[in-house]
Amino acid sequence: MGIVTILDAIAARLIADEIKAWLPGLSNKLLNRAVDLLPTKMQSTYREQWAADIADIAGDISKALYCVDLIRASVGIALDDEQTTLAREVKLWMLWKTGFLKLELAEWKQETEMSDGSLHGTIRMVLVRVTLKDWFGRVTQHKFFPDFVGNATPRQRKRLCREGGATFGAVIVPNKTDVEELKLPSDWPE
Amino acid sequence: METKEPRITGPTLKIIGQLLSEPLKGLSGAEIAKVTGILSGTLYPALFRLEKAGWLESEWETVDPSDVGRPRRRLYHLTSMGAQKTKAIFSELMPQTGRLVWES
């Protein structure tokens with residue numbers, strides 16, 4: 001065993017000790033960051049809850065990884081909580097209909113309010129639905145193309161897309177045209 | 001304010017299934033994560049949605065943090081409505097043995 005091997009072992013030990021010393025502080029910083037992303041009214045509850053949950057996890061690395069994912073949890077909670085729908089109006093127009101093609105335009109107008117009352121406004125979203133039938137009468141495509149009118153924030157757009165998607169029968173990804181089909185609601189006009 | 005039914009996803013089913021198996025003892029987020037293997041980024045938003053929909057309720061552990069040397073845990077329980085809904089979902093998902101599946 002050469003001197004290089006001994007030095008390598010010492011260096012590895014020192015690095016491991018350094019990382020071990022840093023990890024608790026890193027976990028705390030990540031926890032604080034995650035809590036800051038939450039709506040103000042929830043911050044104290046989640047700070048205590050998450051601190052207790054982190055204390056129950058064995059190992060500093062596992063704790064740090066848990067904290068990293070808490071940031072994703074905060075964003076998810078904030079998105080779910082952020083707005084209340086006050087009123088909603090949906091209009092659907094048939095633009096074109098033949099035996100093989102059906103083209104519909106829908107306008108989705110929603111009056112919303114943020115959970116802390118900081119924003120109150122109306123968002124409009126325009127959707128187009130195209131239905132194609134092949135020679136055998138099979139429906140081959142349902143797609144929606146979202147376009148926003150008004151001053152919707154990215155978070156509001158994402159939320160609206162999720163709600164609109166659930167009602168309009170598709171999961172709509174903001175700023176993308178590809179959609180994933182879902183089951184249409186039973187009262188959806190044919 | 002509208003009350004929506006929560007989306008039933010794989011992780012949601014695991015969470016409510018775990019809570020259903022421990023109806024008397026409330027479970028903390030860390031305990032649910034440990035048993036189900038769900039990541040914290042998925043777990044807490046799901047718990048939040050289920051609680052908002054009235055399927056779950058949560059309460060603080062009744063201990064003094066200075067006595068136990070750690071913060072209080074937040075414990076989740078299924079509500080009676082949540083238990084009913086959960087049982088209905090699981091009965092739909094479970095194969096119905098004994099059911100007539102074909103007749104000539």
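Everything numeric in this text was worked out from a predicted model, so none of it was measured.

(A) A look at the overall build of chain A. The helix and strand inventory of chain A stands at four helices and seven strands. Each helix (α) and strand (β) of chain A, taken in turn from the N terminus, gives the series α-α-α-β-β-β-β-β-α-β-β.

(B) Region of the structure containing the confidence of the model for chain B. Per-residue confidence for chain B averages 82 on the pLDDT scale, and 85% of its residues sit at or above 70. For this predicted complex, the interface score ipTM comes out at 0.82, while the overall pTM is 0.59.

(C) Molecular detail of the nonpolar core. Ranked by internal contacts, the top residues of the largest apolar core, which has 32 residues, are L31, A34, C67 and L70 of chain A together with I15, L43 and L47 of chain B. Taken together, the elements giving at least two residues each to this core come down to helix 1 (3-36), helix 2 (40-55) and helix 3 (60-81) of chain A together with helix 1 (10-21), helix 2 (29-36), helix 3 (40-52) and strand 2 (74-78) of chain B. Beyond its immediate stretch of four places on either side in the chain, L47 of chain B contacts I15, G29, L56 and Y76 of chain B.

(D) Main features of the packing of helix 1 of chain A against helix 2 of chain A. Residue and element names in this part refer to chain A. Contact geometry for helix 1 and helix 2: axes closest at 10 Å, N-to-C directions at 150°. Here helix 1 is positioned roughly antiparallel relative to helix 2, judged by the angle of their axes. For helix 1 against helix 2, the interelement crossing comes out right-handed. Each of S27, L31 and V35 in helix 1 lies in contact with helix 2, whose residues at this interface are Q43, Y46, R47, W50, A51 and I54.

(E) Broad picture of the interface of chain B and chain A. With 17 residues of chain B at the interface, the matching set in chain A holds 18 residues. Elements supplying a minimum of two residues to the side of chain B that touches chain A: helix 2 and helix 3 of chain B. Take the side of chain B that touches chain A: its biggest share by element is six residues, from helix 3 of chain B. Classifying every residue of the side of chain B that touches chain A by side-chain character gives seven nonpolar, four polar and six charged.

(F) Main features of helix 3 of chain B. Residues and elements named next belong to chain B. Over its 13 residues, helix 3 runs 18 Å from end to end, which matches the ideal 18 Å to within 8%, given 1.5 Å per residue. Burial of helix 3 is extensive: ten of the 13 residues sit out of reach of the surface. Positive backbone phi, approximately 90°, marks G54, located one or two places after helix 3.

(G) Seen up close, the environment of N28 of chain A. Residues and elements named next belong to chain A. Within the secondary structure layout, N28 lies in helix 1. Here N28 falls in the partly exposed class, since 15 other C-beta atoms lie within 10 Å of it. Each C-alpha atom, one on N28 and one on K63, is 9.7 Å from the other, the two residues being 35 residues apart in sequence.

(H) Spatial organisation of helix 2 of chain A. All names here are of chain A. Over its 16 residues, helix 2 runs 23 Å from end to end, which matches the ideal 22 Å to within 8%, given 1.5 Å per residue. When the local axis directions of helix 2 are compared, the greatest deviation, roughly 30°, occurs at Y46. Y46, Q49, W50, A52, D53 and I54 are the residues of helix 2 that are buried.

(I) Region of interest: the confidence of the model for chain A. Residue and element names in this part refer to chain A. Averaged over all residues, the pLDDT of chain A is 69; the fraction at 70 or higher stands at 54%. Across chain A, element-level confidence peaks in helix 2 with a mean pLDDT of 89 and bottoms out in strand 7 (residues 179-181) with 34. Low pLDDT, under 50, characterises residues 165-186; the stretch is placed with 34 contacts to residues that sit more than four places away or in other chains.

(J) Quick peek at the pairing of strand 2 of chain B. All names here are of chain B. With burial as the criterion, only one face of strand 2 is covered, namely that bearing R74, Y76 and L78; the residues L75 and H77 on the opposite face remain uncovered. Taken together, the five bridges between strand 1 (residues 56-60) and strand 2 define a ladder with antiparallel strand orientation. Residue pairing for strand 2: E59 is matched across the bridge by L75.

(K) Structural view of the packing of helix 1 of chain B against helix 2 of chain B. Residue and element names in this part refer to chain B. Across the interface, helix 1 lies against helix 2 with an axial gap of 10 Å and an inter-helix angle of 110°. It follows from the interaxial angle that helix 1 and helix 2 lie roughly perpendicular. For the crossing formed where helix 1 meets helix 2, the hand is right-handed. Residues K14, I15 and Q18 of helix 1 form the contact with helix 2, whose own contacting residues are I32, V35 and T36. Here the residues of the contact of helix 1 with helix 2 are counted per class, giving three nonpolar, two polar and one charged.

What counts and how
- Residues numbered from 1 in each chain as written.
- Chains lettered and ligands numbered in written order.
- Predicted model: local features only at pLDDT ≥ 70, side-chain atom pairs only at ≥ 80, totals over all residues.
- Helix = DSSP H or I, 4+ residues; strand = E, 2+ residues; numbered from the N terminus.
- pLDDT = per-residue confidence, 0-100.
- Core = buried A, V, L, I, M, F, W, Y, C linked by C-beta atoms within 7 Å.
- Buried ≥ 20, exposed ≤ 12 C-beta atoms within 10 Å, placed from the backbone.
- Contact = placed C-beta atoms within 7 Å.
- Axes fitted to C-alpha atoms, helices over the stretch in contact; angles between N-to-C directions.
- Parallel < 35°, antiparallel > 145°, perpendicular 65-115°, else oblique.
- Left-handed = near helix turned anticlockwise from the far one by under 90°.
- Nonpolar A, V, L, I, M, F, W, Y, C, P; charged D, E, K, R; others polar.
- Expected span 1.5 Å × (residues − 1).
- Bend = angle between axes of the 7 residues up to and from the residue.
- Pairing = 2+ DSSP bridges.

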